[in-house]
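Working through the structure, step by step
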Amino acid sequence: MLRFIGRVSPPLLNVTHFTNAWVVQQHQFTFTCGVNQSQRTRSFAVSQFTMSKPKVLVTRADIPQKAFTMLEEKCEVDVWKMPSPIPRDELLKRIPGKDALYCLLTEKIDKEVLDAAGPSLKVIGTMSVGYDHLSMDEIKKRNIMVGFTPGVLTDATAELTVTLLLATTRRLFEAHSELLNGGWAKCAWSPLWMTGQGLKGSTVGIFGMGRIGQGVVQRLQGFSVHKFIYSGRSPKKEGEELGAEFVSFDELLQQSDFLLVTCALNKETQGIFDEAAFAKMKNTAVIVNTSRGGVINQEALVKALKTNQIRAAGLDVMTPEPLPPDHELTTLPNCTLIPHIGSAETSTREDMATLTATNIIAGLEGKPLPARLC
């Protein structure tokens, strides 16, 4: 017969490791054994094993709360507690020993950051569909998983692309300024005052017939567009189903009345819209970019707009970002600028945030990432 009369003594051993490591806690117990009215006291050790939480660095504090809640249930979260991008020196200081990184396109994750992180870093979740801020070659060398957020921002960005197209072609920002500065009162209802271009009967070109490009074509179907054309690496079945014709890049430049840029930024597309490209476009053409600023050579664009090589441009993305308020682009009346708000729709941003958290948690648990880039 055993009768427990002991107590737990202070731990004899307490060793902790962070990633996929056991926490070992050894406690001392005492019991009394009664046999034939004689008693002997024995002691024994019991080891308790529990898993430590993996550590995640979140690079800003103003992501939707639901994503934080998801991470905090599974992880030890270190967050840069400011509603602004984490400074470079803070990123380098905080990343060592982390198992995962939750970042945005404002953080350049390159060799320096990855070296600072060390071998513990297993997963990167970026709250974006673009990944030009990630040094993919360096990441792949280290076998780090990367999750991103394709699909969830398609509708919002396609809507914004159409919005920016209409605002640019119908000169909405110029008209608003005229209302504020007294120009409306001075125009005396001039028949050609503030006139713009309509989409009816036009040729609309798409550079990059991915999800967003397809979404733009779908939304423009009701505007009596004469013809949709697109260019990219190869023809796409989805483009054919939407009634769009695949053409070469030069043909896209030469034929488009409105040219919408929705491609990814990579080595092939970096600066592809340069001086030579603008020279091939119609002088009545309008270009709209909602992809990445680096796709367009901005010096060449400024020149094309100032010399009326093309009629107008609408940009949601620029280089650098944020664009300095005194940048030459801001002085051009035929350039409509908005501050990279393509996916800035409330439910879309929440979905992007939670998908990023889901990607990170899945990677840390050894499960497939719902949206894995590599």
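Our subject in this report is the structure included herewith. (Residues numbered from 1 in each chain as written. Predicted model: local features only at pLDDT ≥ 70, side-chain atom pairs only at ≥ 80, totals over all residues. Heavy atoms only, no water.)

Now for the sheet that holds strand β10 (residues 203-207). What the 7 strands build is an open sheet, ordered β12-β11-β10-β13-β14-β15-β16; its pairing is parallel. Across the chains shown, the open sheet's two edge strands, defined by having one partner strand only, are β12 (244-246) and β16 (335-337). The average undirected angle you get between the axes of adjacent strands in this sheet is 20°. Bridging between β10 and strand β11 (residues 227-231) involves 5 bridges; their strand directions are parallel. In the sheet register, Ile206 faces β11, and the bridge partner there is Tyr230. In the packing of helix α5 (residues 154-169) onto the sheet, the strands contacted are β13 (258-261), β14 (286-289), β15 (312-315) and β16, and the crossing angle to β14 comes to about 145°. (Pairing = 2+ DSSP bridges. Helix = DSSP H or I, 4+ residues; strand = E, 2+ residues; numbered from the N terminus. Axes fitted to C-alpha atoms, helices over the stretch in contact; angles between N-to-C directions. Contact = heavy atoms within 4.5 Å.)

Okay, the side chain of Thr269 next. In this fold, Thr269 is placed in the loop between β13 and α11 (275-280). The residues touching Thr269, leaving out its near neighbours within four places in the chain, are Phe207, Cys263, Ala264, Gly294 and Val295.

Glancing now at the nonpolar core. Inside soluble globular proteins, nonpolar side chains tend to come together where they are buried. Core analysis: the largest hydrophobic core is formed by 46 residues, its most contacted members being Tyr102, Val204 and Leu220. Considering each element in turn, this core owes the most residues, 6 residues, to helix α13 (residues 346-364). What Val204 contacts, discounting residues up to four positions off in sequence, is Leu199, Leu220, Val225, Lys227, Phe228, Ile229, Phe258 and Leu260. In this structure, Cys263, Phe273, Ile287 and Leu332 belong to the second largest nonpolar core, which totals 30 residues. (Core = buried A, V, L, I, M, F, W, Y, C linked by side-chain atoms within 4.5 Å. Buried < 20%, exposed > 50% of the residue type's maximum accessible area, 1.4 Å probe, protein only.)

Our next topic: unusual backbone geometry. Cis geometry marks the peptide bond from Thr319 to Pro320; its omega dihedral reads 0°. Within the secondary structure, Pro320 sits in the loop between β15 and β16. Here the residue pair Glu321 and Pro322 is connected by a cis peptide bond, since its omega of -5° sits within 30 degrees of zero. Residue position: Pro322 is located in the loop between β15 and β16. Non-glycine residue Ala188 carries a positive phi angle of around 50°. Within the element layout of this structure, Ala188 appears in the loop between α7 (183-186) and β10.

With that out of the way, let us pick up the packing of α5 against helix α8 (residues 211-220). Here α5 crosses α8 at 55°, and the two axes come no closer than 8 Å. The angle between the axes of α5 and α8 places the two elements in the oblique class. Note on packing geometry: the crossing formed by α5 with α8 is right-handed. Along the contact surface, α5 presents Thr154, Asp155, Thr157, Ala158, Glu159, Thr161, Val162 and Leu165, while α8 presents Arg211, Ile212, Gly215, Val216, Arg219 and Leu220. (Parallel < 35°, antiparallel > 145°, perpendicular 65-115°, else oblique. Left-handed = near helix turned anticlockwise from the far one by under 90°.)

One can find Ser128 in the loop between β8 (123-126) and α4 (136-141). Among the polar contacts listed, one links the side chain of Ser128 to the side chain of Thr126, at a separation of 2.8 Å. Excluding residues that lie within four positions of it along the chain, Ser128 makes contacts with Leu105, His133, Phe148, Thr149 and Met352. (Polar contact = N/O pair within 3.5 Å; in protein donor to acceptor, adjacent residues only side chain to side chain.)

Right, let's talk about the pattern of salt bridges for a bit. Working definition: two side chains of opposite charge can pair if their charged atoms are close together. Under the defined criterion, the tally for this structure stands at 23 salt bridges. Three or more residues joined by partner-sharing salt bridges are found here, namely Asp78, Glu90, Lys93, Arg94 and Lys98. (Salt bridge = Lys/Arg side-chain N within 4 Å of Asp/Glu carboxyl O.)

On the surface, a cluster of nonpolar side chains totalling about 540 Å² of accessible area is made up of Leu179, Leu180, Trp184 and Trp189. Classification of Trp184 as partly exposed rests on a relative accessible area of 43%. (Patch = residues over 30% accessible without salt bridge, like charges linked within 9 Å, V, L, I, M, F, W, Y side chains within 5 Å. Areas by Shrake-Rupley, 256 points an atom, 1.4 Å probe, with all protein chains shown as cover.)

The next point concerns a negative patch on the surface. A cluster of like negative charges, contributed by Glu159, Glu345, Glu350 and Asp351, occupies part of the molecular surface. Tracing the chain through its elements places Asp351 in helix α13. The partly exposed category is assigned to Asp351, whose relative accessible area is 39%. (Lys, Arg positive; Asp, Glu negative; His and termini not counted. Charge placed at Lys NZ, Arg CZ, Asp CG, Glu CD.)

With that settled, the discussion passes to the packing of aromatic side chains. A full pass over the atoms with the stated rule returns 5 aromatic pairs. Judged by centre distance (6.3 Å) and plane angle (80°), the ring pair of Trp184 and Trp189 falls under edge-to-face. A relative accessible area of 69% means that Trp189 is categorised as exposed. For the ring pair Phe207 and Phe273, a centre distance of 5.5 Å and an interplane angle of 90° mean the geometry is edge-to-face. Here Phe207, found in strand β10, pairs with Phe273, found in the loop between β13 and α11; they are 66 residues apart in sequence, far enough to count as distant. Phe273 matches Phe207 in its accessibility class, with the two residues each being buried. Cluster of aromatic residues (ring-pair linked, three or more members): Phe207, Phe249 and Phe273. (Phe/Tyr/Trp six-rings, centres within 6.5 Å; stacked < 30°, edge-to-face > 60°.)

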